[in-house]
Amino acid sequence: MPGTDTWWAAGRNTTEFHLLLAQRLDLRASLDLALGQSVAALWDLDFKTGVFTWEAQAAELLGVAADALPSTAQDLAATVKSEDSTALLEAVQGLTTAGAAEVGVRVGQDAALRYLSLRGKVLTRDRRGRPLRAVGLLLDVTAEKAMEEQMLRMVMSDALTGIPNRRAFDQALRTEWRRSTRALEPLSVLMIDIDNFKRFNDTFGHLVGDAALIGVARALSNCVHRAGDVLARYGGEEFAVVMPGVDAVGAITVANRLVETVRAVTVRQAAGWNASISVGAATWLPGSQVMKSSELIALADTALYAAKAAGKDRAYPPQNTAQDPDSAPEDVSSNDHAGAG
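Our subject in this report is the structure included herewith. Being a predicted model, the structure only gives us computed values, none of them experimental. Throughout this description, residue numbers start from 1 for each chain and increase along the sequence as written. Where local features are concerned, this predicted model is filtered to residues with pLDDT of at least 70; where side-chain atom pairs are given and counted, the filter is 80 or more; whole-chain, interface and lining totals use all residues. For side-chain calculations, the full set of non-hydrogen atoms in the structure is used, while hydrogens and water are omitted.

**Some points on the packing of aromatic side chains**
Point 1. Within 6.5 Å between ring centres, the rings of Phe, Tyr and Trp (the latter by its six-membered ring) count as paired, and their orientation is classed by plane angle as stacked under 30 degrees, edge-to-face over 60, tilted in between. Tallying each qualifying case throughout the model produces seven aromatic pairs.
Point 2. Here W177 and W284 contribute two aromatic rings whose centre-to-centre distance is 3.8 Å and whose plane-to-plane angle is 0°, an arrangement assigned as stacked. With W177 in helix α6 (residues 166-183) and W284 in strand β9 (residues 277-284), this pair connects stretches of sequence that are 107 residues apart.
Point 3. Ring centres 4.5 Å apart and planes at 50° place the aromatic pair F200 and W273 in the tilted group. With a gap of 73 residues between them, F200 in helix α7 (residues 197-204) and W273 in the loop between α9 (248-262) and β9 connect regions that are remote in the sequence. In this structure, F200 and W273 share a single accessibility class: buried.
Point 4. Taken together through their ring pairs, the aromatic side chains of F197, F200, F204 and W273 make up a single cluster. Each helix is a run of H or I in the DSSP string that is no shorter than four residues. Each strand is a run of E no shorter than two, and both are numbered from the N terminus. Exposure classes here rest on a 1.4 Å probe applied to the protein chains alone. A residue is buried below 20% of its type maximum, exposed above 50%, and partly exposed in between.

What follows is the structure, given as C-alpha cells:
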C-alpha cells in the first residue's frame, strides 16, 4: 500500500492529508468486508516515475515474495503468463489515453493457476490534462472464473448425455467455418440419426430410450476424439459432428467407423435390441465452391436421408464413391427428419 509520502495529492495541508488517509482506510475496510482480505489489493501508479506501489496482499495474488513486488509495468507483465503480458501492457497504456483500464490475466501454473483482474483509473491530472496518478485494484477472480466456466459448460452441454448440445455445435461450426475460410482447408459435417428410435421408445419406454441415447452418445464419443472435432446431440435422437481439416474421404471413413461402433451398443433393459445409426456426410472446400454453413448441414442431412432410403445402418455416400452433393436421390427431402426412424 502506498506510504504516506506517496499521498502527495494532499499537499502540505495536514488536515486534508489525514482526511485522505481515513478515506483510504475506510475503503480498505469496505473491500475486506465485501471481498475478503486475501482476494484484493490496492495499487497506486505514479506516471512521472512509472512506479507502482502495492498493498502487501498483492504479493500473494501475484505469487511473488513480499520484497519482489513489481515496480514497473514491464515488471508486472513479467509476473503473468506470457500470453497475457501484451494485453496487460496495453491496458496500462490505456490509462494514459482513456483514463481507465481493466484487463484479465493469469498467474501460476497448472493446479496453482489463478485468474486476476487488474482495474484502475486516473485519479489526478496536471493543468494540461496529462495523467499524474492512477489507482486501482488487483482482484483474484479465480472462483468467479470457475463458476463462469461451469455455467458455460452447463449452457453448452446436453443434460442427458453430457456431450455438447446444438448450441455448442452451431458455435463450433461458425468458428471452424471462419478458420477454414482463412486457411483454405476442408471442413466436414456428419449428421447422425438412431435408426427406428420411435419404435424403440414405443416398445421399451422413454426411460430406457434415455439409456439408449446415453449409450450411443458414449460410443460416438469414443470415435470422435481428434482435437478440434465436436460431437453434439443435435436434437432428439439426432447427433452431429463438425470436423475441421477433414476431406470427403476422411469424413466418410469416420462415418463408417461410427456406424460399426454403434452396432456394439447394448441396453440392459432392452434385450435383443440391435442398435444402429444412419450417417450422412458432407464436405466443403473453401475456394472450390460458394456455400453457407447452413447449406453444408443441408447436404449432410440429405445424405443422411439417402442412407435411410438405402436400408439404414450405414453411411452415405458409400465408401468407394467420390462425394458428390448432387449424387443423393432427388426425391429425398432435406427437411427436418426428427421422425425419420
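From this point on, the discussion continues.
**Let's talk about the sheet that holds strand β4 (residues 114-125)**
Point 1. Ordered in space as β2-β1-β5-β4-β3, the five strands form an open sheet in which the pairing is antiparallel. Of all the strands in the sheet, the pair left with one neighbour each is β2 (51-54) and β3 (100-107). Neighbour-to-neighbour, the strand axes of this sheet turn through a mean angle of 25°, independent of strand direction.
Point 2. Any two residues whose heavy atoms approach within 4.5 Å are treated as being in contact. Here, axes are lines fitted to C-alpha atoms. For helices the fit covers the stretch in contact, and angles between N-to-C directions go from 0 to 180 degrees. Against the sheet, helix α4 (residues 82-98) engages β1 (40-46), β2, β3, β4 and β5 (131-140), with an angle of about 165° to β3.
Point 3. The strands touched by helix α5 (residues 142-156) are β4 and β5; relative to β4, the strand with the most contacts, the crossing angle is about 120°. Only when DSSP finds a minimum of two bridges between them are two strands counted as paired.

**Quick word on empty space enclosed by the protein**
Point 1. Lining residues are defined by having an atom within 4 Å of a point belonging to a cavity or pocket. Those points lie on a 1 Å grid over the protein atoms alone, cavities being sets where a 1.4 Å probe fits but cannot get out and pockets being open sets with protein on both sides within 12 Å along at least five of seven lines. Grid points are joined across faces, edges and corners, and a volume is the space filled by probe spheres set on the points. Going through the model one piece at a time under the given rule, you end up with two cavities of 30 Å³ or more.
Point 2. Roughly 40 Å³ of volume is contained in the second largest cavity.
Point 3. Mapped by element, the contributors of at least two residues to the lining of the second largest cavity are α4, β3 and β4.
Point 4. Put simply, Ala, Val, Leu, Ile, Met, Phe, Trp, Tyr, Cys and Pro go in the nonpolar bin, Asp, Glu, Lys and Arg in the charged bin, and everything else, Gly too, in the polar bin. For the lining of the second largest cavity, a count of residues per class yields six nonpolar, one polar and two charged.

**Describing the environment of V39**
Point 1. Within the element layout of this structure, V39 appears in the loop between α1 (14-35) and β1.
Point 2. Residue classification places V39 among the partly exposed positions, given a relative accessible area of 22%.
Point 3. Put simply, V39 and A58 are 19 residues apart on the chain and 8.9 Å apart in space, counted from C-alpha to C-alpha.
Point 4. Setting aside residues no more than four positions away along its own chain, V39 makes contact with L61, L138, L139 and D140.

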